[in-house]
Structures are given as structure tokens and as C-alpha cells.
Amino acid sequence: MYKNVKRKIERGVAFPTCISVNNTVCHFSPLASDEAVLEEGDLVKIDMGCHIDGFIALVAHTHVLQEGPVAGKAADVIAAANTAAEVALRLVRPGKKNKDVTDAIQKVAAAYDCKIVEGVLSHQLKQFVIDGNKVVLSVSSPDTRVDDAEFEENEVYAVDIVASTGEGKPKLLDERQTTIYKRAVDKNYHLKMKASRFIFSEISQKFPIMPFSARALEEKRARLGLVECVNHELLQPYPVLHEKPGDLVAHIKFTVLLMPNGSDRITSHSLQELQPTKSIDDPEIKAWLALGTKTKKKGGGKKKKGKKDDKPEESSAAEPMDATTNGASQE
């Protein structure tokens, strides 16, 4: 899509497409040999990312394979994830702390009788860096600690919200389902197996920085070689985690730029019509949703006339999900 004839710019996949169904939390990116078939009523999470010149845009969306409005538990968990994402959009702003977002999204999920899934991190994005040092923890727990951080102007974040009707404590069921990896640039090891050395050389040439799918490699040889690479920490795996059978998991992820005039969400997708069984009555959550995502520009001065780009100020306040609306405004 992006063509610049003057200079060749690196561009492509920043995160392989994942299709995680029902109680599968994330990172399910099947190989060509996989024969799984989607069925009517499945709750499907689509997750992907791309980059131009190392500048990354990520998005995840949840969709139920059915005609008409989504009701019941599926509607509750999607509404929980989406409303939490709308609150996060309004709290990831300069001057706010990462802990403010962690506490808020858990409160939103509880209002829908759902849980935010443990272990999910919202990362700062930088050029060619998909997992920057500043992070937002989804759930505070003794096992996962992150440094306190304050959001600053001109930063970029991938806000990653995963909600579940279950306990929110997913488990790894089968390591063989893992197909997404990222090169650990700070690790070195002399691999013993010829297959491992061949695969690692291919990875270093094709995917030196961004996560990739084993689909992009020759499957049989990759299966052999990847294990040794992971065992010696040359590759960081993205495991496929699951909640209990019968639980439903929803995933909403968007990329936000913290601009001088407010937050600019650059990736999103409109939701199906939802009819959740719960509604938001909590005044604090309503107050968060009422916050605008745009702020007036700093500094006085006269406005120049006749500029095409001058637009009226946006407030972009969101509505909480209830039984009659499909949720918050989508930019």
C-alpha cells in the first residue's frame, strides 16, 4: 500500500495474524497443516500488526460468527473488553500513571461480572520496538511486577485489553500450538543441530526484529530447529494460552498516539450490535467515559484563517454499553 519511489522503506508484518476462538486467549496462528474449522456461534478474536519504516500499528478485534445482535455472556465479555478499552483510551494521557489504567480496567470488567486476563501487557511502541520499556499491567499480581511510569506527550502505546467470563488465569495446554516467536537480539549461543543453525540463519535474515510465524519457514525443518533455539533463549515464544472450556474470552487492542492536542487512536474496528445483560451504573466509570480524548491546544495566539485542516474541537466522549446500544463511539 505504501510506495515511495525516492527511497526504499522497510515495511511489512509487525505481528502475524492470529485467530483465537472462544476460550483460547491469544496468539493462535495456525500452520498450513492445521485443519481447525470455524463454526456458527464461535467467538473469534483477530489480532494483527504491520509497520512502515519500523513504525508499528497493532489492532485486535472480537467478533461472534452469527447474524443479528450478540446477547448473553458473549455480549457481556465483549462489552467488558470494549468499555475497558474506551476507559483506557481516556486514561492513557500525558501526566497519568500506568497504575491508574490497571485499576480502572479491572473495575470496568467487574461491572460486567467478567475478569481482566492476567499477564497481558500494554506496551509502549517505538521505531522497530514492539515491546518498549514502559508498560501497563492488566492485572496487578505478585508474579508480575512492572515499574511505575507516567505517560508523556509524543509517546505511542498499544493498549491491549483481554477480558474473560472465567477466572482470568489462563494456562498453557500444549507447547506445540506455539507458532509465533521473536528474535532475542541480546542473546547468543552456538547451536549444535544443523537444522537449528539453518532455521536461525533464515530467521536472522528475514525477521531480525519483529515477531514472525513459523508459517513463514519450511514446516518440518522449523519444528526441529525452533525447539533448540527456544531452549537456549535465542527466540522468545508467544505461547497459546487457554481459559477453561466453556469460558469466553474477548480481545480489544488499539494503537494510540499521545499528541499535544490529545489522544489519537489510529486503529480500531466497529463492533457488532451487543445486548449485554449488565449495564454501567458506577459514577466513576461514567466519569471516565465522559472524558474527551482531545484537548485544546496549548498557547494563545491568533488562529490563522483559511486553513483547510482547521476542524472543530472534538470531545469524543464514549457511552457505556447497555442493552440498547452497541457501545462507545468509534473514531
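Residues numbered from 1 in each chain as written. Predicted model: local features only at pLDDT ≥ 70, side-chain atom pairs only at ≥ 80, totals over all residues. Heavy atoms only, no water.

Looking now at the overall build of the protein chain. Along the protein chain, the regular secondary structure elements total five helices and 17 strands. Taken over 331 residues, the protein chain has a buried fraction of 46%. (Helix = DSSP H or I, 4+ residues; strand = E, 2+ residues; numbered from the N terminus. Buried < 20%, exposed > 50% of the residue type's maximum accessible area, 1.4 Å probe, protein only.)

All right, on to the sheet that holds strand 10 (residues 171–172) then. Spatial ordering of the open sheet is given by 2-14-10, a layout of three strands whose pairing is antiparallel. Every interior strand has two partners, whereas the edge strands, strand 2 (24–26) and strand 10, have only one. (Pairing = 2+ DSSP bridges.)

With that settled, consider the pairing of strand 11 (residues 180–183). What you see with strand 11 is no split at all: Ile180 and Lys182 on one side and Tyr181 and Arg183 on the other are buried throughout. By the bridge criterion, two bridges tie strand 11 to strand 12 (residues 212–213) in an arrangement that is antiparallel. Of the residues in strand 12, the one forming a bridge with Tyr181 is Phe212. The pairing of strand 11 with strand 13 (residues 235–238) spans four bridges and is classified as antiparallel.

Glancing now at helix 5 (residues 283–290). Listing the buried residues of helix 5 in full gives Ile285, Trp288 and Leu289. Seen end-on, helix 5 carries its buried residues on one side only, within an arc spanning 95 degrees. Between the side-chain oxygen at the start of helix 5 and the backbone nitrogen of Glu284 there is a gap of 2.8 Å, and the oxygen is on Asp282. (Arc of directions from axis to C-beta. Polar contact = N/O pair within 3.5 Å; in protein donor to acceptor, adjacent residues only side chain to side chain.)

With respect to the element layout, Val249 can be found in strand 15 (residues 249–259). The spatial distance from the C-alpha of Val249 to the C-alpha of Ser20 is 9.1 Å, given a sequence separation of 229 residues. In this structure Val249 touches Asn22, Asn23, Thr24, Val25, Leu43, Lys45, Val162, Ala163, Ser164 and Glu243, once residues within four positions along its chain are discounted. (Contact = heavy atoms within 4.5 Å.)

Now for the sheet that holds strand 11. The pairing of strands in a sheet comes from backbone hydrogen bonds and takes either a parallel or an antiparallel form. In space, the three strands of this open sheet follow the order 12-11-13, with antiparallel pairing throughout. Each edge of the open sheet carries a strand with a single partner, namely strand 12 and strand 13.

This paragraph deals with the environment of Ala75. Positionally, Ala75 belongs in helix 1 (residues 72–91). Overall, Ala75 belongs to the buried group, its relative accessible area being 0%. Put simply, Ala75 and Glu273 are 198 residues apart on the chain and 8.7 Å apart in space, counted from C-alpha to C-alpha.

Tallying each qualifying case throughout the model produces 15 salt bridges. Here Glu167 and Lys244 are joined by a salt bridge, their closest N and O atoms 3.3 Å apart. Here Glu167 is found in the loop between strand 9 (156–164) and strand 10, whereas its partner Lys244 is found in the loop between strand 14 (241–242) and strand 15, with 77 residues between them in sequence. (Salt bridge = Lys/Arg side-chain N within 4 Å of Asp/Glu carboxyl O.)

The pLDDT averaged across the protein chain works out to 86; a share of 88% of its residues lies at or above 70. Throughout residues 299–315 the model reports pLDDT below 50, and contacts reaching past four residues in sequence, or to other chains, amount to ten contacts. Segment residues 323–331: pLDDT under 50, and 31 contacts once partners within four positions in sequence are set aside and those in other chains are kept. (pLDDT = per-residue confidence, 0-100.)

Glancing now at the state of the cysteines. If you walk through the whole model with that rule in mind, you get zero disulfides. Not part of a disulfide, Cys18 finds its nearest cysteine sulfur in Cys26, a span of 7.6 Å. The exposure class assigned to Cys26 is buried, which follows from its relative accessible area of 10%. (Disulfide = S-S within 2.5 Å.)

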